[in-house]
Amino acid sequence: GICPLGFPILVLSDRDRLLRALWRMGSPVRAIWDRLPPCISQTDYQGADFLKRHILMLPVHQSLSAVQAREVARQC
């Protein structure tokens, strides 16, 4: 009975380009971890910095239409 809002994927190419393309097509994707908290140093936590630049949350919630789901899958 539980439906998550998003499914995180790792985008090794240009995540922001994919994000913009999917938004233009009406798919509500998000870059959830696009900013690190101020106490997290990019140089000390390079793994966290990499993930913040490459994680994209694909919508998987119940309000997503079948057309939107197919378009998200096609683009990724």
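> Mind laying out the overall build of the chain, listing which residues take part and the relevant values?
Along the chain, the regular secondary structure elements total three helices and two strands. When its helices and strands are written in sequence order, the chain yields β-α-α-β-α. Each charge class in the chain was averaged separately, 10 positive and 6 negative side chains, and the resulting centres sit 8 Å apart.

> Mind laying out helix 2 (residues 46–54), listing which residues take part and the relevant values?
Of all the residues in helix 2, the buried ones are Asp 49, Lys 52 and His 54. Buried residues in helix 2 make contact with strand 1 (6–10), helix 1 (15–24) and strand 2 (55–59).

> An account of the pattern of salt bridges is requested, with residue identities and associated values reported.
By the definition in use, this model includes three salt bridges. A salt bridge links Asp 16 to Arg 15; the shortest N-O distance between them is 3.1 Å. For Asp 16, a relative accessible area of 34% gives the class partly exposed. By relative accessible area, Arg 15 is classed as buried at 6%. Note that Arg 53 and Asp 49 form a salt bridge whose closest N and O atoms lie 3.2 Å from each other.

> Break down the packing of helix 1 against helix 3 (residues 66–75) for me, with residues and values.
Where helix 1 contacts helix 3, the two axes come as close as 11 Å, and the packing angle between them is 155°. Relative to helix 3, the element helix 1 lies roughly antiparallel. Handedness of the helix 1/helix 3 crossing: right-handed. Contacts between helix 1 and helix 3 pair Leu 18, Ala 21 and Leu 22 from the former with Glu 71, Val 72 and Gln 75 from the latter.

> Before we move on, can you summarise the nonpolar core with the specific residues and values?
Ile 9, Val 11, Leu 18, Leu 19, Leu 22, Val 29, Ala 31, Leu 56, Leu 58 and Val 72 together form the largest nonpolar core, which totals ten residues. Secondary-structure elements contributing two or more residues to this core are helix 1 and strand 2. Of all the elements, helix 1 adds the most residues to this core, at three residues. In contact with Leu 56, other than residues within four places in its own chain, are Phe 7, Pro 8, Ile 9, Val 11, Arg 15, Leu 18, Leu 19, Leu 22, Val 29, Arg 30 and Ala 31.

> Talk me through the environment of Leu 18; I want residue IDs and the actual numbers.
Looking at where Leu 18 falls in the secondary structure, it is placed in helix 1. Its relative accessible area of 7% is what places Leu 18 among the buried residues. Separated by 57 residues in sequence, Leu 18 and Gln 75 have C-alpha atoms that sit 7.7 Å apart.

What counts, and at which threshold
- Throughout this description, residue numbers start from 1 for each chain and increase along the sequence as written.
- pLDDT decides what is reported in this predicted model: residues at 70 or higher carry local features, side-chain atom pairs at 80 or more are listed and counted, and totals for whole chains, interfaces and linings draw on all residues regardless.
- Side-chain metrics rest on all non-hydrogen atoms present in the structure, leaving aside hydrogens and water.
- Secondary structure is summarised from DSSP: a helix means a run of H or I of at least four residues, a strand means a run of E of at least two, and numbering begins at the N terminus for each.
- Counting rule for charge: Lys and Arg are taken as positive, Asp and Glu as negative, and neither His nor the chain ends is counted.
- Charge placement uses NZ in Lys and CZ in Arg. For Asp and Glu, CG and CD serve respectively.
- When accessible area is computed with a 1.4 Å probe and restricted to protein chains, residues below 20% of their type maximum are described as buried, those above 50% as exposed, and intermediate ones as partly exposed.
- By definition in these notes, contact holds between two residues if any of their heavy atoms fall within 4.5 Å.
- We count a salt bridge whenever a side-chain nitrogen from Lys or Arg sits within 4 Å of a carboxyl oxygen from Asp or Glu.
- The axes are straight lines fitted to the C-alpha atoms, using for helices just the contacting stretch, and the angles between their N-to-C directions are given from 0 to 180°.
- Every angle not falling under 35 degrees, over 145, or within 65 to 115 is termed oblique; those three ranges are roughly parallel, roughly antiparallel and roughly perpendicular.
- In a left-handed crossing the near helix is turned counterclockwise from the far helix by less than a right angle, and in a right-handed crossing that turn is clockwise.
- By convention a nonpolar core is built from buried Ala, Val, Leu, Ile, Met, Phe, Trp, Tyr and Cys residues, the set being connected through side-chain atoms within 4.5 Å.

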